[in-house]
Amino acid sequence: MTELTLIAAFEAVDHGAFEGRHLIGGAWRGSEDGATFDRLSPSHGILVSRSAQGGAQETEAAIQAARAAFDSGIWSQATGKSRAAVLLKVAELIERDAEKMARLETLETGKPITQALGEVSGAADLWRYAAALARTMHGDSHNTLGPDMLGVVLKEPIGVVSIITPWNFPFWILSQKLPFALAAGCTCVVKPSELTPSTTVMLGELLIEAGLPAGVVNIVLGYGKPVGALMAEHPAVDMITFTGSTAVGRSIAAAAAGTLKKVALELGGKNPQVIFPDANLDDAADAITFGIYFNAGECCNSGSRIIVHEDVAEAIVERVVALSRKVAFGDPLHPETQVGAIVSKAHQQKIDGYVREAVAAGAQVRLGGAALQIEGLPGEFYQPTVVSGVTPDMAIAREEVFGPVLSVLTFRSLDEAVALANDAAYGLSAGVWSENVHTCLDFARRAQAGTVWTNTWMDGFPELTFGGMKQSGLGREIGPYGLEEFLEVKTVAMRIGRTRAPWVKTR
Ligand code: NAD
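Residues numbered from 1 in each chain as written. Predicted model: local features only at pLDDT ≥ 70, side-chain atom pairs only at ≥ 80, totals over all residues. Heavy atoms only, no water.

Visitor: Explain the overall build of the protein chain residue by residue, including any values.
Guide: Scanning the protein chain from N- to C-terminus turns up 14 helices and 25 strands. Relative to the 2.2 N^0.38 estimate, which gives 23 Å for 507 residues, the radius of gyration of the protein chain is 25 Å and therefore close to what a compact globule would have. Considering only C-alpha atoms, the protein chain reaches an extent of 90 × 55 × 40 Å along its principal axes. Across the protein chain, the fraction of contacts at a sequence separation of at least 24, relative to all contacts at a separation of at least 6, is 75%. Mean positive and mean negative side-chain charge positions of the protein chain (42 and 56 charges, respectively) differ by 10 Å. (Helix = DSSP H or I, 4+ residues; strand = E, 2+ residues; numbered from the N terminus. Rg over C-alpha atoms; globule rule 2.2 N^0.38 Å. Contact = heavy atoms within 4.5 Å. Lys, Arg positive; Asp, Glu negative; His and termini not counted. Charge placed at Lys NZ, Arg CZ, Asp CG, Glu CD.)

Visitor: Talk me through the pattern of salt bridges; I want residue IDs and the actual numbers.
Guide: Considering all chains together, one arrives at 24 salt bridges under this definition. Across the pair Glu-485 and Lys-262 runs a salt bridge whose closest N-O atoms are separated by 3.6 Å. A residue pair is termed long-range when its members are at least 10 positions apart, and Glu-485 in the loop between α14 (479-484) and β25 (487-495) and Lys-262 in strand β13 (residues 262-266) qualify at 223 residues. Lys-262 gets classed as partly exposed once you look at its relative accessible area, which sits at 31%. Note that Glu-380 and Lys-345 form a salt bridge whose closest N and O atoms lie 3.6 Å from each other. Taken together, the residues Glu-380 in the loop between β17 (364-367) and β18 (385-388) and Lys-345 in helix α10 (residues 345-360) connect sequence positions 35 residues apart. Each of Arg-96, Asp-97, Lys-100 and Glu-209 takes part in salt bridges that share partners, so that together they form one network. (Salt bridge = Lys/Arg side-chain N within 4 Å of Asp/Glu carboxyl O. Buried < 20%, exposed > 50% of the residue type's maximum accessible area, 1.4 Å probe, protein only.)

Encoded structure:
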């Protein structure tokens, strides 16, 4: 254990619990039955937030408020200029409050404070980018249909959108969806994860301050059932966009089928990085280390399996193990911490279960493989873990571990590497490391993944669309395609002059 870099508790946390309420039709309210739920910090064990626990009544009221706001035209018919002005103001307010929000996000998620701050202030840029789209989006015109016809294709907001988000990047994921839905002219009902409700509530306050009309964004706090399930099946909702596990994504698609509403899903990943022998091994090892420990591996984009050419497998494992010892695990409030707490005890046990099962099946733990005690903190931590000798049939190679656990597989030829990379139910992202551009391009074109990184890992920009193939999801977020998801397309065909020949012969 002394061979790891650990950061003990460094400040006494005196944090009054944040009180979260629902935002419905522009008013903050508790639940009708007075029910609440608590979130304890996974790192510090203290009470971070107490939130109103929504039921069917609050969900119904929020959906009706969003429906009435949409149908009134107050936002759906507002100019792109006025929508953009609100989105830009929200971006400014997020930056003003970033530190306050980041601290709450750290205490609710367990992630390091510097990364929470990066997530919140980085999200402001998504709001700015969406503001630009609000002013520049347009449909098409068809001027080639003959002298007496003109066709135009209009883009219209799809309507009322349900937004359901997970606990791992609560503010970032909300900002991948909400500003794009608002830029399109939609109205929304938002449900954050019950583990991380508070930064969504703080954002609600900023939306009001920025001048968003009442009812355009409504927030209901609570659990998947009944709140999320009702948001998925309700006939007054036109679209549901969900980020979370593949299992819940499937149940949402089934619930939405009753009304055939549009469904957008961002689900899990089992993302491979393939390392060829001519790669820069130092760069690759650093990116692999980042890819597996960022957000404690609780990341849909976690680079959780590496597929390394046999000739360099040992050299890569040695480098990654050496780097892993230098990554600072510990108190997420410390500015130097790089990896914080695991979100819950139950999740930590699930992570450990994958490692035990792999070892029982013949894999070797090269580092870590157990829970981690951080001095002065009662919370849940897990050691940086590298498991080699993993075979494609093991659960650790196929399922999302969602923890700081790297699986190492090996290959001999490019064809074998591609086959191993694509041998997964998921298809979110993939990476390739080689100094040969032909190898990188060949791999990029054959990889079944929504994003392929070459000689880098997890770089993202508001301009670059994100989403998954296969069971990693449906639809795309951010970039111009992220806006398209929230738009309906309507064709208007217009005749110029009285040139239409009658269909019914009257003589
Ligand atoms: P989860 O599926 O358990 O929960 C996500 C959200 O769905 C929460 O708000 C939850 O309350 C709600 N929910 C639960 N049951 C529901 C139901 N029956 N109907 C409607 N809503 C319901 O996921 P999680 O544990 O919060 O997040 C981890 C998962 O999210 C991982 O699988 C991860 O890969 C995935 N994820 C994907 C992306 C991506 O962009 N692809 C990003 C982040 C996380």
